[in-house]
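These are the residues of each chain, in order.
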Amino acid sequence: MTDRMSIAARMIRCPRPFDPEQGQAVRRLFAELAPECQDLIAGAAGCSPYLRGLCESEAEWLREAMDMPEASFEDLLDTALSAPMEQTATALRQAKRRVALLTALADLAGVWSLRDVTTRLSRFADLAVGCALRAAIAPELRRGKIPGQSEEDIESAAGMVVLAMGKMGAGELNYSSDIDLICLFDETRFDPGDYDAARAGFVRATRKMAATLNDRTAEGYVFRTDLRLRPDPAVTPVCLAMARAEAYYESLGRTWERAAYIKARAAAGDVRAGARFLQTLTPFVWRKHLDFAAIEDAHTMRLRIREHKRLPKRITLPGHDMKLGRGGIREIEFFTQTQQLISGGRDPDLRVRGTVEGMARLADKDWIPADVAEDLSDHYAFHRMIEHRVQMIHDAQTHQLPSHEDGFERLAALMDRERPALEQDVLDRLTDVHTRIEKFFSHDDAPPLDAAPEAELDQTLIARWESYPALRSDRAQQIFGRLQPEILSRLSASVDPQGATRALDGFLSGLPAGVQLLSMFEARPQLLDLLVDIAGTAPGLAAYLSRNATVFEAVIGGQFFSDWPGEAALRQELTARLATQGDYEAVLDATRAWAKEWHFRVGVHHLRGLIGSDEAGRQYADLAEAVVAALWPVVLDQFARKHGAPPGRGAVVVAMGSLGAGKLNARSDLDLIVIYDAPGDGTSDGPRPLPTRTYYARATQALITALTVPMAEGRLYEVDMRLRPSGNQGPVATSWAAFQSYQQEEAWVWEHLALTRARVVAGPDDLASDVERFRTGLLAQKGDRARVLAGVADMRARIAEAKAPEGGLDTKLGPGRMQDIELMAQAGALIAAEHAGDVRSGLIAGRRAGVFDTQDVDALQQTYTLCWIITQVARLLGETALEPERLGQGGCAMLLRETGHDSLEALQTGLDAQALATAQIIDRILNEAGPLSGA
């Protein structure tokens, strides 16, 4: 109902006249209005010569508008839009006067909020530009000056679009704002031979449009219009082809132009073509990875503005520029846009035009603290209010505070504030904004560091860092020069300074580029702690990071240290992300980038002791399962485009081995098999049909490729399919009928053991249920104790003959170690006819079946846990088995922390003793079973 209520009924504030006589003179023109409205008009007229003149010239219209301001505003737009084209200039100037008057009074009375004011001013600007463009383009079309287009194309401006930039684009126009426009035309609507003629017509129309808006006449003006934000304005025409603009931004576009396009919006003309053009600029504006280098670019821009405008170094109120000065509006906008540029490529939710909305989104996504967003938003609204009041006084495009006391008294009266209190409020807010923003942008206030500990580091190694590819550019060297004291200080304070320095050297030498990453470290110093921790503890992980440094972005993504979401949530998140990708290659790269970030998170949590080895194993498995489950339907959909939908009931992906058991290490490959159910003599029904067997074989190979092929973002996993029927000799995809027949009639004991850990992770639910029913029924049939244990003994002997342990801390191979214990757990599950999956469940099942006693289970589980911890740590720290002499102090500390031992010698002794005891238990149990008699 508020839009149907008068201003008098909603007033919450009222200016007091600085010049009472002038205010009273205008008040008498509105004697029939409510006293509140008379007070408002008198206060406005008594403070602002500009508003006084408008009240006098528009008195008759204003008397009615005060009754229903919102409806009156809409009527203004309708009247201007319906004016004959030849009267466009006059109609828009009249509308501008009335919009300015109504907006000012509704603003001063508190009836319209800042957002209401800026939105309505922006809406009028859109209408004005649209009307002026139509009036300018129509004569060109009537005279046939734009080839191939007719008067029917007036509404789409024959392919020309006006992009609203800056505050107009964001819907944030200030009271006396100019408007920043970029004019483009869609060259694809014209034959190559007509290009020059079309461009000339659009250039003429653009100039006429700008004159209609910009020229001052006896009736005033509409908007001061600035066309200089277009590409290379010194040498380009005022309207240029979209293709030329796109080429410019791709090759020469600068950070300030990226920031400008955050607020860009197609406002008039062919808005569909304009929207398509803005979409093509998405990779230019929103970089793929976190873009911390934008901070320095924005900071440099701030300094250049200060130098160009000769702005004072201290905040003093007289003449202070509320827009460009220290602590001003532009500072808040720079802060917000820079944060958006940093993170918006990664988080599309941040791609909003409005400043306040941008800060709110940044806070919601944990990119900036909520209190910072709240305080800066409050300051921004206050600054904009001051800006509007300053501009209302003389309708001047100024942002400067008054330079004398009378001017401040006039401003205070317009705001109904006492001058001393207002001045203090303005000063406090400017100072607070300046302090917060300067801290974000400036690197000059970092305290000097004590360089004494650096003498302990390898100076020869450090001296060569600047020669590495990532540090050769001038900009990278500047940033690294600021960072180096902090890096060296943190290296000196690490557990193993020399080892950490060598590992960091490996990290730096492997970096292909450095500006973005170094900028990230400078903006988020806590990442240096993490890097030094990784370099000093896990050189293998540091080497990985040098090739995949963008995974550091995940640390500052807001949720890095939150609770683990679980497989279902991960699968849902990845599925949603893949749905937004443009093509199949983008899907594969997006999957890799996403998976690496989560994989990195698990590793960091494990490295820093936030989770143990067991939980890390579960999380790695959740991640791998989510990847397979989300990727399989995408692979099938891509495959179906060429060869048709999957025949029959489709196919399921079955996880075997460690993934089936739900427990992986940091470098695990994936054991998978694919089972399909379709008639063997059928074919697919696509453009290039395939026989059923060939269809699923190739689809499976496509899945393997999707997981393993190296791409720009690396590879996902290695895949092992040797657990399928007949191993490497059989087809990569097995039919449901053949799988059942093989498992019933031909499979060896070890294949039935493997099925105790099998688990469907992707594919249609009905086939998945059938596979699971068959698997459980089969285990119940094939669990003869003597046969199973004899088979385990034979397999154990074959493994021992084929593979030797790789050293004392090799936890996988050798008597009484992981592979031994896993075989016994699978045997326990098979004999008990249970789907145990993990080792502990298999051992407990075996105890229930009488294979083990309680002491056996405890001993086997204890040894397996120790072996698993060592394996998990080893795979996190490097690619090979642990070599104590190369482990480093950080790695040793982690290993001992995880295992609970005091020294590596004690760990080795304990492992050997437990493995020996475990081997004796296994020998005893297997010796009771006797030799194997048949498969």
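Residues numbered from 1 in each chain as written. Predicted model: local features only at pLDDT ≥ 70, side-chain atom pairs only at ≥ 80, totals over all residues. Heavy atoms only, no water.

Turning our eyes to something else, we now look at the overall build of the protein chain. Tallying secondary structure elements over the protein chain gives 40 helices and 10 strands in all. Principal-axis analysis of the C-alpha atoms places the extent of the protein chain at approximately 115 × 75 × 55 Å. Expressed as a percentage of the 935 residues in the protein chain, the buried residues total 57%. Carbon and sulfur atoms form 49% of the exposed surface of the protein chain, whose accessible area is close to 39,000 Å². Put simply, the protein chain has 106 plus and 131 minus side-chain charges, and the middle of one group is 3 Å from the middle of the other. (Helix = DSSP H or I, 4+ residues; strand = E, 2+ residues; numbered from the N terminus. Buried < 20%, exposed > 50% of the residue type's maximum accessible area, 1.4 Å probe, protein only. Areas by Shrake-Rupley, 256 points an atom, 1.4 Å probe, with all protein chains shown as cover. Lys, Arg positive; Asp, Glu negative; His and termini not counted. Charge placed at Lys NZ, Arg CZ, Asp CG, Glu CD.)

What follows covers the nonpolar core. Counting residues in hydrophobic clusters, the biggest one holds 151 residues, and the most contacted among them are Trp465, Phe552, Phe600, Val627 and Leu631. Looking at this core element by element, the count peaks at 16 residues for helix H29 (residues 613-643). Ranked by size, the runner-up nonpolar core spans 85 residues in total, among them Leu76, Met168, Ala268 and Met392. (Core = buried A, V, L, I, M, F, W, Y, C linked by side-chain atoms within 4.5 Å.)

Attention now goes to the packing of aromatic side chains. Both the distance between ring centres and the angle between the ring planes are used here to describe each pair of aromatic rings. Applying the stated criterion to the full structure yields 18 aromatic pairs. Ring geometry for Phe739 versus Phe774: centroids 6.0 Å apart, planes at 65°, classification edge-to-face. Highlighted residues: Phe739 in helix H32 (residues 736-745) and Phe774 in helix H34 (residues 765-781), separated in sequence by 35 residues. Overall, Phe739 belongs to the buried group, its relative accessible area being 3%. With relative accessibility at 12%, the residue Phe774 sits in the buried group. An aromatic cluster of at least three residues, connected via ring pairs, comprises Phe185, Phe190, Tyr195 and Phe202. Between Arg63 and the ring centre of Phe30, over which it is positioned, the NZ or CZ distance is 5.5 Å. Sitting over the face of the ring of Phe382, Arg429 holds its NZ or CZ atom 4.3 Å from the ring centroid. (Phe/Tyr/Trp six-rings, centres within 6.5 Å; stacked < 30°, edge-to-face > 60°. Lys NZ or Arg CZ within 6 Å of the ring centre and 35° of its normal.)

Put simply, helix H28 (residues 584-607) and H29 touch, their axes get as near as 10 Å, and they point 175° apart. By the criterion of interaxial angle, the relationship of H28 to H29 is roughly antiparallel. Between H28, through Tyr584, Val587, Leu588, Thr591, Trp594, Ala595, Trp598, His599, Val602, Gly603 and His606, and H29, the contact on the second element is made entirely by Ser613, Ala616, Gln619, Tyr620, Leu623, Ala626, Val627, Leu631, Val634, Val635 and Gln638. In terms of residue class, the contact of H28 with H29 is built from 15 nonpolar, seven polar and no charged. (Axes fitted to C-alpha atoms, helices over the stretch in contact; angles between N-to-C directions. Parallel < 35°, antiparallel > 145°, perpendicular 65-115°, else oblique. Contact = heavy atoms within 4.5 Å. Nonpolar A, V, L, I, M, F, W, Y, C, P; charged D, E, K, R; others polar.)

Once that is clear, we can look at the pattern of salt bridges. Evaluation of the coordinates by the stated rule reveals 54 salt bridges. Across the pair Glu405 and Arg419 runs a salt bridge whose closest N-O atoms are separated by 3.9 Å. Here Glu405 is found in helix H19 (residues 405-414), whereas its partner Arg419 is found in helix H20 (residues 419-441), with 14 residues between them in sequence. What makes Glu405 exposed here is its relative accessible area of 54%. On the basis of relative accessibility, which here comes to 17%, the residue Arg419 falls in the buried class. Close ionic contact of Asp912 with Arg817 constitutes a salt bridge, the shortest N to O distance being 3.1 Å. Residue Asp912 is found in helix H40 (residues 904-927), and its partner Arg817 is found in the loop between helix H35 (785-802) and helix H36 (818-832); the two are separated by 95 residues along the sequence. Owing to a relative accessible area of 34%, Asp912 belongs among the partly exposed residues under this scheme. (Salt bridge = Lys/Arg side-chain N within 4 Å of Asp/Glu carboxyl O.)

Time to look at the confidence of the model for the protein chain. A low pLDDT means the predicted coordinates there should not be read in detail. Residue-level pLDDT values for the protein chain average 87, and 91% of them are 70 or greater. The secondary structure element of the protein chain with the lowest average pLDDT is helix H15 (residues 293-309), at 66, and the one with the highest is strand S1 (residues 160-164), at 98. Counted against residues more than four places away or in other chains, residues 444-455, with its pLDDT under 50, gives nine contacts. (pLDDT = per-residue confidence, 0-100.)

In terms of residue burial, strand S7 (residues 670-677) counts as a mostly covered element, since seven of its eight residues are buried. Here strand S6 (residues 650-656) runs beside S7; their pairing, made up of seven bridges, is antiparallel. The partner of Val654 across the bridge, within S7, is Ile673. Pairing geometry for S7 and strand S8 (residues 719-720), over two bridges, is parallel. Paired with Asp671 across the two strands is Asp720, which belongs to S8. Once you follow S7 into helix H31 (residues 692-708) and on to S8, the crossover reads as right-handed. As paired strands, S7 and strand S9 (residues 733-735) are joined by three bridges and run parallel to one another. (Pairing = 2+ DSSP bridges. Right-handed = clockwise from strand over helix to strand, strands pointing away.)

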